[in-house]
Amino acid sequence: MTARIPGSKSITNRALLLAAAADGVSLLRAPLVSDDTLAFREALAGLGVHIEAEDGDAAWKVSGTGGAPAAGGSVWCEDAGTAARFLPPFAAAGRGTFTFDGTGQLRARPLRPLAEALGRLGASAAVSEPVGGLPMTVRADGLPGGDLAVDASLSSQYLTGLLMAGPLMRAPLTVRGAGLVSRPYIDMTKALMRRFGAYVDEFDDGVIQVLPGGYRAAQLDVEPDASTASYFFAAAAVTGTTVAVPGLGRSSVQGDLGFVEVLRRAGARVEIGEDTTTVTGTGALRGGFDVDMGDISDTFMTLGAIAPLADAPITVHGIGHARLKESDRIAAVEENLRACGIRTESGPDRITIHPGTPAPARIACRRDHRIAMAFSVLGLRTAGITLDDPACVGKTFPGFHAELGRLFPAHASTVRH
Ligand SMILES: O=C(O)C1=C[C@@H](OP(=O)(O)O)[C@@H](O)[C@H](O)C1
Ligand SMILES: C=C(OP(=O)(O)O)C(=O)O
């Protein structure tokens, strides 16, 4: 079976920002159309960037402004961490007073390390207490560049935001991310910055240098989202079927494609080709391993939800930062597995899931798209799994239920109330 996976959220939102800052008109083909990317697009439109949909969203045409926003503004980030972390440094490189805000869920997510880094660059960036998050105010008068250390132990997105603002600064920026989590997203950032004509280089000691000079317009095919693909690959593994995702191959810039290596460890057959990745399952999972998923933490819930089906316990570690996402994801996975009668143990950055026969349960999604999508996969093997908020998948894949149900008709019972 071939899964139709929509575009990558991370590529779409980076490309929107880079195209907005570029000289000239860029074309993003097959962008993700979801709550997060529409929020990002709206936010840029509010900052004066003209973005046009072509052929019913088959492509987005972005008229670049040739720099950073110059008139201030109030920016609504909705639920999108990428908007809250990428747009303030972009604004700080411009001129005016900018206020950023979002939903209660996004307000609960930390921004202090980003505000502190902007402050060390000489910008005025104020976050709100007690979280140190949104609403955030940036009073901008351009950024000078220079040497910068940023605490990236809670999120790599702070570093990505600062790097993408680098070419808009007056002098070279050299930056080091201390305690960096989610490393592959920084490689994605560098690759896309280069695609839009920027100079960025990383030295052996992990210091990244960006030169001034702005961005050039580009035409880009957005890859299918590898995090989204994880649910379909996991579905193949637990149902003993084959799922192929065209457009995701060896040259992908998305670290989350690495999830298939975890499935391989659990006994699935995996082929990563030039342009397509294919997973063939046996219907059974091999457990008895401990895996660091710190680089690919958006996919740990995909493994967590199906882990009870394995023949031995599975431990995932290195995922402390997953507690700071749309939900506390370690707690959300534990709570829902326990509701299914499955034994778990957890620590600040780890979870162990024991084998068992999951009982029917209503999954508390906590407005977290990935909890809904991950437990939908368990629902393919466990009758009576239902979701309390199926629509929350709209953050990254509004058509998720239709596509999973098209390939696996058993999914219908998970979304039926
Ligand atoms: O840069 C990005 O596009 C992302 C980085 C990751 O966040 P953290 O760096 O906060 O782990 C990931 O979880 C998120 O979905 C997207
Ligand atoms: C963590 C996520 O999103 P965000 O971009 O809001 O951080 C996610 O999509 O799993």
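If you look the chain up in an unreviewed UniProt entry, it shows as 3-phosphoshikimate 1-carboxyvinyltransferase from Streptomyces globosus. The Pathway (unreviewed entry) field of the UniProt record for the chain holds the comment "Metabolic intermediate biosynthesis; chorismate biosynthesis; chorismate from D-erythrose 4-phosphate and phosphoenolpyruvate: step 6/7."

(A) A look at the domain arrangement of the chain. Per the domain assignment, the segments of the chain are domain 1 (9–209) and domain 2 (226–415). On the domain 2 side, the residues contacting the 19 residues of domain 1 number 15 residues. Of all the elements in the fold, those that place two or more residues in the side of domain 1 that touches domain 2 are α2 (35–46) and α7 (184–195). For the side of domain 1 that touches domain 2, the element with the most residues is α7, which contributes five residues. Broken down by class, the residue content of the side of domain 1 that touches domain 2 amounts to eight nonpolar, four polar and seven charged.

(B) Just helix α3 (residues 81–92), in detail. End to end, α3 covers 17 Å across twelve residues, agreeing with the expected 16 Å (1.5 Å per residue, within 8%). Counting buried positions along α3 gives twelve out of twelve residues, so the element sits mostly inside the fold. All of the buried residues in α3 are Gly 81, Thr 82, Ala 83, Ala 84, Arg 85, Phe 86, Leu 87, Pro 88, Pro 89, Phe 90, Ala 91 and Ala 92.

(C) Region of the structure containing the UniProt feature "domain: Enolpyruvate transferase" (unreviewed entry) in the chain. UniProt records the feature "domain: Enolpyruvate transferase" (unreviewed entry) for residues 4–404 in the present numbering. Its end C-alpha atoms 9 Å apart, residues 4–404 is made of 31% helix and 25% strand.

(D) Spotlight on the nonpolar core. The biggest cluster of nonpolar side chains holds 78 residues, and the ones touching the most others in it are Leu 18, Cys 77, Phe 90 and Ala 92. A total of eight residues in this core trace back to one element, the largest contributor, which is helix α1 (residues 9–21). Here Leu 18 is in contact with Met 164, Leu 192, Met 193, Phe 196 and Tyr 215, once residues within four sequence places are set aside. Of all hydrophobic cores here, the second largest spans 65 residues; its members include Val 260, Val 262, Ile 319 and Phe 408.

Reading the values: the criteria
- Counting restarts for each chain, with residues numbered from 1 along the sequence as it is written.
- Chain letters start at A and ligand numbers start at 1, both assigned in the order the entries are written.
- Residues qualify for local features only when their pLDDT is at least 70, as the model is predicted, and side-chain atom pairs are given and counted only at 80 or more; totals for whole chains, interfaces and linings, by contrast, use all residues.
- UniProt positions are given in the numbering used here, feature names are shortened, and annotations may be inferred rather than shown by experiment.
- Domains are outlined according to an automatic or database domain assignment.
- Remark: residues whose backbone-derived C-beta atoms lie within 7 Å of one another are considered to be in contact.
- Secondary structure elements are defined from DSSP: runs of H or I of at least 4 residues count as helices, runs of E of at least 2 residues count as strands, and each element is numbered from the N terminus.
- When residue character is reported, Ala, Val, Leu, Ile, Met, Phe, Trp, Tyr, Cys and Pro are called nonpolar, Asp, Glu, Lys and Arg charged, and the others, Gly included, polar.
- Take the number of residues in a helix, subtract one, and multiply by 1.5 Å to get its expected span.
- Partly exposed residues are those falling between the two cut-offs: more than 12 but fewer than 20 other C-beta atoms within 10 Å of their own, whereas 20 or more means buried and 12 or fewer means exposed, with C-beta atoms placed from the backbone.
- By definition, a nonpolar core groups buried Ala, Val, Leu, Ile, Met, Phe, Trp, Tyr and Cys residues that connect through C-beta atoms lying within 7 Å of each other.

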